Amino acid sequence: MLLGMEGVTVTGAEEDASGRLAVWARISRPAACPRCGAVSERVHEYVTTRPRDVRHGSREIGLFLEKRRLVCGNGDCPRGTFTEWAPQVPPRCRITRRLLEHCGDEIAERGITPAESARHNGVSWPSAHAAFGEKADAVLRDDPEPVAHLGIDEHRRGRARWRRDEETGEYALVADRWHTCFYDLSGNQGMLGQVEGRTAGDAAYWLAGATPAWRDAVRVVAIDMCTIYQSAVKKMLPAAEIVVDLFHVVQLAVKAVGDVRRRAIRELYGRRGKAGDPEYGIKHLLEKNLENLSQEQFAKVIETLDATGPGQHIALAWIGKEKLRHALNLRQRVTGSVPCQRQVRDRLFSFYDWCAQNEDIPELLTLARTIARWENEIAAAVVTGVTNAASESLNRIAKLEARMAYGFRNPANQRRRVRTACTRGTRRKPRDHLQAHHEQ
Ligand SMILES: [Zn+2]
């Protein structure tokens, strides 16, 4: 009973000098010929096998399993002899089923690497990896269920590799492997799939593999401001609405303010900014959201920027950023009610208007042009409230998984490991916490 294996009975146990537990056991279920099914008791010989088994507590167990090799009693049966077995120790096994299952579980559910699991459980890496594969395939085999909100994101696989051309002496890129990843943003399927490459064709290839019904079910697709994925989605999911991640839109505006500040400091002092410059001192305040500034901080920003001409330029860019955020802040998560397209476009218009009034600030014009190019996708993001935040956090899981594996050599293994890692949380509980994250 302590060994807990059906059809296996312990005949003796002994602790050796090193504290290891040696357990002797034999098969205690009737043995039937695998060919004809006749039960036999005619022993041909006894063999002792040493299958690896799970630990008993923290203690390693040395299992000595005695098996009988029996002669098939059925005179009409061509089978000569056969070895008895039990479900946990099938014929020719060298590792018990439950140890393999334990390895597979550790890797799939607890995020341990196959190498670590193999070392800890005293099995080989291929055995541990195969056990994981069996587990993962059972979880991942099914085609993804329909998703209403799809996220597409790129994810780098390892570092870029260069090779020197012997003749020209120039370096050529031999491998810069990116994956395009697909995420379920509205349900709890985590990562839906990955394809190698990050061209429009690569993304379209994966989408083409889905059934027409699945493609029709996608209502919103969230992407970064990247025209490649935009064209893939337009081609493959023409009915879906494209939204861009607003986090990146704000980041773009923050960067524009930073560019103006760096240029202004150069104009004022003829060098890069450093601690002690008033404009440098308010650097972090300019990156904050207006509503998060205290009155004193706000007064400090105004006072500093108003003092010089270049400083006033920074202030104008800063107001531009806030005008853009004013439009993005119409989203339901901020206001509590769903905005209409008109409101969003009105506020975006007043942002454009501001940029046009300050056309002597090139950074503002560039920003306005980029925003105008993505206006439909930005407005859709504000109205629908769909963000790519969940895919970004799932992407982090994917990167962490790669780091734990010290990089993957085999892309198929990577896909499988990453997909199990990304769905690990949702297999245990529905995912909500990921969506609350990453709002600006
Ligand atoms: Zn037989």
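Notes on the structure follow. Within every chain, residues take consecutive numbers counted from 1 along the sequence as written. Restriction of local features to residues with pLDDT of at least 70 applies here, the model being predicted, together with a cutoff of 80 or more for giving and counting side-chain atom pairs; totals for whole chains, interfaces and linings are based on all residues. Working from all heavy atoms in the structure, the side-chain values ignore hydrogens and water.

Here we come to the sheet that holds strand β6 (residues 149-156). Here the rule is simple: two strands pair whenever DSSP picks up at least two bridges between them. For helices the rule is a DSSP run of H or I covering at least 4 residues; for strands it is a run of E covering at least 2, with both sets numbered from the N terminus onward. Ordered in space as β10-β9-β6-β11-β12, the 5 strands form an open sheet in which the pairing is mixed. Lying at the two open borders of the sheet, with one neighbouring strand each, are β10 (191-196) and β12 (241-244). Taken pair by pair, the neighbouring strands of this sheet meet at an average axis angle of 25°, ignoring direction. Relative to β12, strand β11 (residues 220-223) is paired through 4 bridges, and the arrangement is parallel. Looking across to β12, one finds that Val-221 is bridged to Ile-242. In this description, contact between two residues means that some pair of their heavy atoms is separated by no more than 4.5 Å. Axis definition: a line fit to C-alpha positions, over the contact stretch in the case of helices; interaxial angles, taken between N-to-C directions, run 0 to 180 degrees. Its contacts with the sheet put helix α6 (residues 227-236) on β6, β9 (178-184), β11 and β12, and the angle it makes with β6 is roughly 140°.

Before going further, it helps to examine the nonpolar core. We call a set of buried Ala, Val, Leu, Ile, Met, Phe, Trp, Tyr and Cys residues a nonpolar core when their side-chain atoms join them within 4.5 Å. Burial status follows relative accessibility: with a 1.4 Å probe on protein chains alone, a residue under 20% of its type maximum counts as buried, one over 50% as exposed, and anything between as partly exposed. Leu-150, Phe-182, Trp-214, Val-221, Leu-237, Ile-371 and Ile-378 are the most contacted members of the largest nonpolar core, which totals 77 residues. For this core, the element with the highest residue contribution is helix α7 (residues 246-269), accounting for 9 residues. The contact partners of Phe-182, leaving out residues within four places of it in the chain, are Leu-150, Gly-151, Ile-152, Gly-190, Met-191, Leu-192, Gly-193, Val-195, Ala-203, Trp-206 and Leu-207. Judged by nonpolar contacts, the second largest core, of 14 residues, contains Val-54, Ala-118, Ala-131 and Leu-140.

We now examine the coordination of the zinc ion. Expected angles at a metal are 109.5 degrees for tetrahedral coordination by four donors and either 90 or 180 degrees for octahedral coordination by six donors. Coordination here is defined by N, O and S atoms within 2.8 Å of the metal (3.2 Å for Na, K and Ca), and since water is not considered, a site can look incomplete. For the zinc ion, every protein donor is listed as Cys-33 (SG), Cys-36 (SG), Cys-72 (SG) and Cys-77 (SG), and the spread of their distances is 2.2 to 2.4 Å. By the criteria applied here, four donors are tetrahedral when all angles lie between 85 and 135 degrees, four are square planar and six octahedral when opposite donors are over 155 degrees apart and every other angle lies between 65 and 115, and any other arrangement is irregular. Considering all 4 donor atoms around the zinc ion, angles at the metal cover 98 to 116° and the coordination shape is tetrahedral. In the primary structure, the donors to the zinc ion are separated according to the pattern C-x2-C-x35-C-x4-C. Taken together, the positions of Cys-33 in the loop between β2 (21-27) and β3 (43-49) and Cys-77 in the loop between β4 (61-71) and β5 (81-83) put the pair 44 residues apart, joining distant regions of the chain. A relative accessible area of 3% places Cys-33 in the buried class.

The next thing to look at is the environment of Ser-350. Here Ser-350 is to be found in helix α13 (residues 341-357). Spatially, the C-alpha atom of Ser-350 lies 9.4 Å from that of Gly-320, the residues being 30 residues apart in sequence.

As a further point, take the packing of aromatic side chains. The pairing test for Phe, Tyr and Trp rings, Trp by its six-membered ring, is centres within 6.5 Å, and the orientation test on the planes gives stacked under 30 degrees, edge-to-face over 60, and tilted for anything in between. Using the criterion set out here, one finds 5 aromatic pairs in the structure. Here Trp-24 and Phe-64 contribute two aromatic rings whose centre-to-centre distance is 5.0 Å and whose plane-to-plane angle is 15°, an arrangement assigned as stacked. Within this pair, whereas Trp-24 is found in strand β2, its partner Phe-64 is found in strand β4, the two being separated by 40 residues in sequence. Each ring, one from Phe-182 and one from Trp-206, has its centre 4.0 Å from the other, and the planes form 15°; the classification is stacked. In this pair, Phe-182 is assigned in strand β9 and Trp-206 in helix α4 (residues 200-209), connecting sequence segments 24 residues apart. A residue is classified by how much of its surface remains accessible, and Phe-182, at 0% relative accessible area, is buried. What links up through ring pairs into an aromatic cluster is the set Phe-182, Trp-206 and Trp-214. Note on criteria: charge over ring means Lys NZ or Arg CZ within 6 Å of the ring centre, with the direction from the centre no more than 35 degrees off the ring normal. We note Arg-29 situated over the ring of Trp-85; from NZ or CZ to the ring centre the distance is 4.8 Å.

The next point concerns the side chain of Thr-96. Tracing the chain through its elements places Thr-96 in the loop between β5 and α1 (97-110). Judged by relative accessible area, Thr-96 falls into the buried class, the value being 0%. Throughout this description, a polar contact denotes any pair of N or O atoms lying within 3.5 Å of each other; where both atoms belong to protein, one of them has to be capable of donating a hydrogen while the other can accept it, and for residues adjacent in sequence the pair is counted only when both atoms sit in side chains. Only 2.9 Å separates the side chain of Thr-96 from the side chain of Asp-53, close enough to count as a polar contact. Excluding residues that lie within four positions of it along the chain, Thr-96 makes contacts with Met-5, Pro-51, Arg-52, Asp-53, Val-54, Gln-88 and Val-89.

At a closest axis distance of 6 Å, the pairing of helix α10 (residues 295-306) and helix α11 (residues 309-328) adopts a crossing angle of 135°. Between α10 and α11, the interaxial angle falls into the category oblique. In contact with Phe-298, Val-301, Ile-302, Leu-305 and Asp-306 of α10, α11 contributes Gly-311, Gln-312, Ile-314, Ala-315 and Trp-318. Its residues placed into classes, the contact of α10 with α11 shows 7 nonpolar, 2 polar and 1 charged. Any angle that falls under 35 degrees is termed roughly parallel, while one over 145 is termed roughly antiparallel, one within 65 to 115 roughly perpendicular, and all others oblique. The classification used treats Ala, Val, Leu, Ile, Met, Phe, Trp, Tyr, Cys and Pro as nonpolar, Asp, Glu, Lys and Arg as charged, and all other residues, Gly among them, as polar.

On the surface, Asp-165, Glu-166, Glu-167 and Glu-170 cluster together to form a negatively charged patch. Within the fold, Glu-167 resides in the loop between β7 (161-164) and β8 (171-175). Residues enter a patch when their relative accessible area is above 30% and they make no salt bridge; the linking distance is 9 Å between like charges and 5 Å between nonpolar side chains (Val, Leu, Ile, Met, Phe, Trp, Tyr). Note on areas: these come from Shrake-Rupley sampling with a 1.4 Å probe, and a residue is covered only by the protein chains present in the view. Salt bridge, as applied in this entry: a Lys or Arg side-chain nitrogen positioned within 4 Å of an Asp or Glu carboxyl oxygen. Two residue types count as positive, namely Lys and Arg, and two as negative, namely Asp and Glu; His and chain ends fall outside the count. Charge positions come from single atoms, namely NZ of Lys, CZ of Arg, CG of Asp or CD of Glu.

Within the element layout of this structure, Arg-110 appears in helix α1. The spatial distance from the C-alpha of Arg-110 to the C-alpha of Ala-421 is 8.7 Å, given a sequence separation of 311 residues. Apart from the residues lying within four places of it in its own chain, the contact partners of Arg-110 are Asp-105 and Arg-424.

For the rest of this paragraph, the subject is a nonpolar patch on the surface. Taken together, the side chains of Leu-290, Phe-298 and Ile-302 present a nonpolar region at the surface, about 230 Å² in accessible area. Turning to its location among the elements, Phe-298 is positioned in helix α10.

On to unusual backbone geometry. One non-glycine residue, Arg-92, adopts positive backbone phi at about 65°. Considering the arrangement of structural elements, one finds Arg-92 in the loop between β5 and α1. For Arg-92, a relative accessible area of 78% gives the class exposed.

The next thing to look at is helix α3 (residues 125-140). For α3, spanning 16 residues, the distance from its first C-alpha to its last is 21 Å, which sits close to the expected 22 Å at 1.5 Å a residue. Ser-127, Ala-128, His-129, Ala-131, Phe-132, Gly-133, Ala-136 and Leu-140 are the residues of α3 that are buried. Any helix carries an expected span of 1.5 Å times its number of residues minus one.

Nothing here speaks to function; it is geometry throughout.
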